[in-house]
Amino acid sequence: MNIRTYFSNVSQEKKLIKNAVFLFSTGIISAVFSTSSNIIFSRFLGPSGYGLFKIAISLASTAAYVLDLGIRYLIPRYIAEFEAKKQPENIAHLLERTLAIKAVVAIFILILAWFFSQSISQIFFHSQDLEILVWPVVLVFVIIFLDLTVPILIGYQNFKLVALTSILVPFAHIIFGLPLVYVLGIRGILLAAGMAFIV
């Protein structure tokens, strides 16, 4: 092994270690922001209000991931493949078609929510009086469902931005959530969750 190869390997190992430390530290920062938001918002809403919020956010995110049918895991593969083949028009076509299909599904869910909002409220929140929470939940669902930011970044292998988005979402949730939870209660914190995913 010559000296040039040795220094090249050391340089690559330093870069790998630096990237690993960056990803690890962003994961810790993200966890701190998420935990902080849980503590802050549970204090504002109280046990029953915070429980309703967690049910609502779980309902929106679970529905979004189930109806996604694994598309978010296929997109990075095809973006990376088309990028390697220097076919940006195929990437654009893939994203256009994906968003069009997802938009149709989202519109269908909006129509269902319109007709069955009282039933949804009764089943998930155990009260028709909480029907007012159905629309913020549907809004959060649509935003999560249509969000392709992370799959696109993974497809382009931009892992630093993926790591930064994992910090930005809980941080934005705190920033938007504090004034909105104070003014609108549970609806405000749900709207803040949707806004955090948009950012």
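Just above, that's the structure.
Residues numbered from 1 in each chain as written. Predicted model: local features only at pLDDT ≥ 70, side-chain atom pairs only at ≥ 80, totals over all residues. Heavy atoms only, no water.

(A) Fine view of the packing of aromatic side chains. Under the counting rule described, the total for this entry stands at five aromatic pairs. Consider the rings of Tyr 50 and Phe 53, whose centres lie 5.8 Å apart with planes at 40°: the pair is tilted. Here Tyr 50 pairs with Phe 53, and both are found in helix H1 (residues 3-68), just three residues apart, close to one helical turn. The pair Tyr 50 / Phe 53 is uniform in exposure class, with both members buried. (Phe/Tyr/Trp six-rings, centres within 6.5 Å; stacked < 30°, edge-to-face > 60°. Helix = DSSP H or I, 4+ residues; strand = E, 2+ residues; numbered from the N terminus. Buried < 20%, exposed > 50% of the residue type's maximum accessible area, 1.4 Å probe, protein only.)

(B) A look at the nonpolar core. The biggest cluster of nonpolar side chains holds 26 residues, and the ones touching the most others in it are Leu 45, Phe 53, Phe 125, Ile 186 and Leu 190. Contributing elements (two or more residues each) for this core: H1, helix H3 (88-125), helix H4 (134-146) and helix H7 (186-198). Ranked by the residues each element gives to this core, the list is headed by H1, at nine residues. Excluding its chain neighbours within four sequence positions, the residues that come into contact with Ile 186 are Leu 45, Gly 49, Leu 52, Phe 53 and Leu 133. Within the second largest apolar cluster, seven residues are counted, among which are Ile 75, Leu 94, Leu 95 and Leu 148. (Core = buried A, V, L, I, M, F, W, Y, C linked by side-chain atoms within 4.5 Å. Contact = heavy atoms within 4.5 Å.)

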